[in-house]
Amino acid sequence: MARAEKQKVKTLFVAKYFLENSDENHPITAGDIVDYLREDCGIEVERRAIYRDIAALRDVYGMDIAGGQGGKYRLLSRQFEFEDLRLLAECVHAAKFISASKAKELVKTISEFCSIYQAEELQKEVFLCDRVKTTQNKVLHNVGIIHTAMATKQDGKPHTPQKITFKYLKYTLQNKGKQIESSNIYKVSPYRLLINEGNYYMLAFADGKKPKIKTYRVDRMKDVTPIDEPREGAKEFAEIDMESYTRRVFSMFGGKQKRVSIRFINQLLDTAIERFGTSPDVFYRQDDEKHFVVTADVEVSDQFFAWICGFRKRAAIINPPDVVESMKKFLEDIETRYQDDEN
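What you see is a predicted model, and the numbers here were worked out from it, not measured in a lab. Counting from 1, residues in each chain are numbered in the order their sequence is written. Local features are withheld for residues below a pLDDT of 70 in this predicted model, meaning they are given only at 70 or higher, and side-chain atom pairs are given and counted only at 80 or more; totals for whole chains, interfaces and linings count all residues. Heavy atoms from the whole structure form the basis of all side-chain values; hydrogens and water molecules are not counted.

A. Focus on the environment of K138. Labels follow the DSSP assignment, with helices taken as runs of H or I lasting at least four residues and strands as runs of E lasting at least two, numbered in each case from the N terminus. Take K138: it is sitting in the loop between helix 7 (116-122) and helix 8 (139-150). Overall, the relative accessible area of 58% leaves K138 in the exposed class. Sequence separation of K138 and V218 is 80 residues, and the distance between their C-alpha atoms is 9.7 Å. Throughout, exposure labels follow a simple rule: accessible area from a 1.4 Å probe, protein chains only, divided by the maximum for the residue type, with under 20% read as buried, over 50% as exposed, and the rest as partly exposed.

B. Structural context of the pairing of strand 3 (residues 72-75). Residues Y73 and L75 of strand 3 are buried on one face, while the alternating residues K72 and R74, pointing to the opposite face, are not. Note on pairing: DSSP must find at least two bridges between two strands before they are called paired. The pairing of strand 1 (residues 28-29) with strand 3 spans 2 bridges and is antiparallel. Across the sheet, the residue bridging to T29 is K72, located in strand 3. Direction of pairing for strand 2 (residues 65-67) relative to strand 3: antiparallel, over a ladder of 3 bridges. Across the sheet, residue G67 finds its bridge partner in strand 3, namely Y73. Counting the residues in the hairpin turn of strand 2 and strand 3 gives 4 residues, including G68, whose phi is positive at 125°.

C. The environment of R314, seen in detail. Topologically, R314 is positioned in the loop between helix 12 (302-309) and strand 14 (315-319). Judged by its relative accessible area of 39%, R314 is partly exposed. Between the C-alpha atoms of R314 and L268, which are 46 residues apart in sequence, the distance is 8.2 Å. In this structure, R314 is in contact with R263, F264, I265 and L268, ignoring residues within four places of it in sequence. Contacts were defined at the residue level, with two residues in contact if any of their heavy atoms lie within 4.5 Å.

D. Summary view of unusual backbone geometry. The peptide bond linking N319 to P320 adopts the cis configuration, its omega dihedral lying at -5°. Relative to the helices and strands, P320 resides in the loop between strand 14 and helix 13 (321-337). Of note, the phi angle at R312 is positive, near 50°, even though the residue is not glycine. Among the structural elements, R312 can be located in the loop between helix 12 and strand 14.

Written out as structure tokens, the structure reads:
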């Protein structure tokens, strides 16, 4: 940019310096700005011009610049509050479907919305307890392809949603540190993207001998490609109750649905609500001074029984009788597995 042109946009350079170098804890002076304009931008300027620029940024453009006394100025707020940016950065780090390298890249982008001092704080990696992150770097690229395939409009014009194909990755005992491709190529009709416990999932209608709605981990999908075939399964997808479907799939309770009553100690109320929710079809009642009972529709399966076992004596299925008997049979099967003559 020529020198004369730079002079015309000098005020923008002053704004840029405030955004990058000042926050409520880091003041700057007119002298700092003069040095920046001369050394980094090649713009010769007097301090009086800087005062006019600061006044314009504050009074005309609404920048929250405080100070002037003692020659020090602070940018007190900006488009995004630092607490909001820090929360976004922590969410990026916490997402399992974002690789470590991509997380650093995204946090660096987020850091452009705060001062260099705050950026240093944002870029400190959050300590994640027992969190396994994907090693795949194209997850967000794949998400974009899936969204495009599901789109009903493109460039403002009607568009027919498409099927996609992909390969699925899996671990092997021989190489637990890296996922390998399955030999199959999957062809599905994508309908919804879901996030559960830090993982990204695609809900899709799968082609095959027994077509049905299935979920796939997006971070395990490779070579995602849209194909020129219209999406199928609209009727099946429309019949899904998303709340009950996701509760069943992500809780791994896949089985026959039944109305079940479970007795918990009072201290497990939060746990019960987090698992079963508070929708009108879920009923809670006090049983005695130390216990309550929750009645809800449950997909009865071994995984459900195992979840109950995790509470030991603090929870018990009390109704219906056939589910209680199935729970007893489940416990008996486990007991026989650990008898000496069965080991």
